[in-house]
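Fold and geometry: a report
Listed below, chain by chain, are the residues.
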Amino acid sequence: THKNFADGLLQRGRVAEAEIHYREALRIQPGWSEARLGWADLLAVQGRVGEALGRYEEELQRSPSDTRAAGRYGLLLLRAGRFAEARDSVERALAVHGDVAELHVGMAIATSQLGDFARAVRHGREALRLAPALDSAANNLAWILATSPDPRARNPEESIRIMGRLLREAERPDPAYLDTLAAVYAAAGRFPDAIDTAARAEKRAREEQRSAM
């Protein structure tokens, strides 16, 4: 179907082609919730956050029990900085989709921003348990463990182990992850390592800029 074709194109980053097929799916079946959610996903990928949020809200008004829409809405609310609303929406989705690592990452981000660091660590660990290869889960958990102002949630040594594993498996380390590792080292009092890692992060960022020109 056009909707399934559009989903595959969107996942591969072929956004303009995906838009054509989502439009056609909605023309043929304007009331199909899957196609409406796909259109909202497309808007989010295009950076049209306000429009995407509006589409998710419309879908939730039509079907308040749609936990797929609630989860996607919650994750996008994070991007808009609406952390309390994001937490509540993602929590609804997790009640049904507790095995989705990305939702646990979202909950970890939301609760850490709201000052509930112990809960953030729990969700961060669960995300990493569910998806050990999910780099964003590792990076986010490591950051919370290293920088939390709540001493009960701080564990810089665990954070170092997480980031060490992440960066060992990376062919070309992401400068953002190197920045996290530098912060982790600083939190652990390993200041020479923090300085060296920050320099590596800056070098990698410059290399990426040059390769993008």
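Everything here concerns the structure above.
**Overview of the overall build of the protein**
- When helices and strands are counted, the protein shows 12 helices and 0 strands.
- Ordered by position from the N terminus, the helices and strands of the protein form the series α-α-α-α-α-α-α-α-α-α-α-α.
- Overall size of the protein, expressed as C-alpha extent along the three principal axes, is 60 × 40 × 25 Å.
- For the protein, with 213 residues in total, the buried portion stands at 45%.
- In the protein, the share of contacts with a sequence separation of at least 24, taken over all contacts with a separation of at least 6, comes to 47%.
- Looking at the protein as shown, the accessible area adds up to about 11,300 Å², and 51% of this sits on carbon and sulfur atoms.

**As for the pattern of salt bridges**
- Tallying each qualifying case throughout the model produces 22 salt bridges.
- The partner of Arg87 in a salt bridge is Asp88, and the shortest N-O contact between them spans 3.1 Å.
- Taking relative accessible area as the criterion, Arg87 reaches 25% and is therefore assigned partly exposed.
- We classify Asp88 as partly exposed; its relative accessible area is 39%.
- Between Arg206 and Glu202 there is a salt bridge, with the nearest N and O atoms lying 3.3 Å from each other. Placement of the pair is Arg206 and Glu202 together in helix H12 (residues 191-212), with a separation of 4 residues, close to one helical turn.
- Here Arg206 falls in the partly exposed class, since its relative accessible area comes to 39%.
- Within the structure, one salt-bridge network assembled from shared partners comprises Lys3, Asp7, Glu34, Asp66 and Arg68.

**Regarding the side chain of Ser159**
- Following the sequence through the fold, Ser159 ends up in helix H10 (residues 156-168).
- Ser159 gets classed as buried once you look at its relative accessible area, which sits at 0%.
- Looking at Ser159, its side chain comes within polar contact range of the main-chain oxygen of Ala142, at 2.5 Å.
- Each residue touching Ser159, except ones within four places of it in the same chain, is listed here: Ala142, Trp143, Leu145, Ala146 and Val184.

**Structural notes on a negative patch on the surface**
- On the surface, Asp135, Glu169, Asp174 and Asp179 cluster together into a patch of negative charge.
- Among the structural elements, Asp174 can be located in the loop between H10 and helix H11 (175-187).

Rules used throughout
Residues numbered from 1 in each chain as written. Predicted model: local features only at pLDDT ≥ 70, side-chain atom pairs only at ≥ 80, totals over all residues. Heavy atoms only, no water. Helix = DSSP H or I, 4+ residues; strand = E, 2+ residues; numbered from the N terminus. Buried < 20%, exposed > 50% of the residue type's maximum accessible area, 1.4 Å probe, protein only. Contact = heavy atoms within 4.5 Å. Areas by Shrake-Rupley, 256 points an atom, 1.4 Å probe, with all protein chains shown as cover. Salt bridge = Lys/Arg side-chain N within 4 Å of Asp/Glu carboxyl O. Polar contact = N/O pair within 3.5 Å; in protein donor to acceptor, adjacent residues only side chain to side chain. Patch = residues over 30% accessible without salt bridge, like charges linked within 9 Å, V, L, I, M, F, W, Y side chains within 5 Å. Lys, Arg positive; Asp, Glu negative; His and termini not counted. Charge placed at Lys NZ, Arg CZ, Asp CG, Glu CD.

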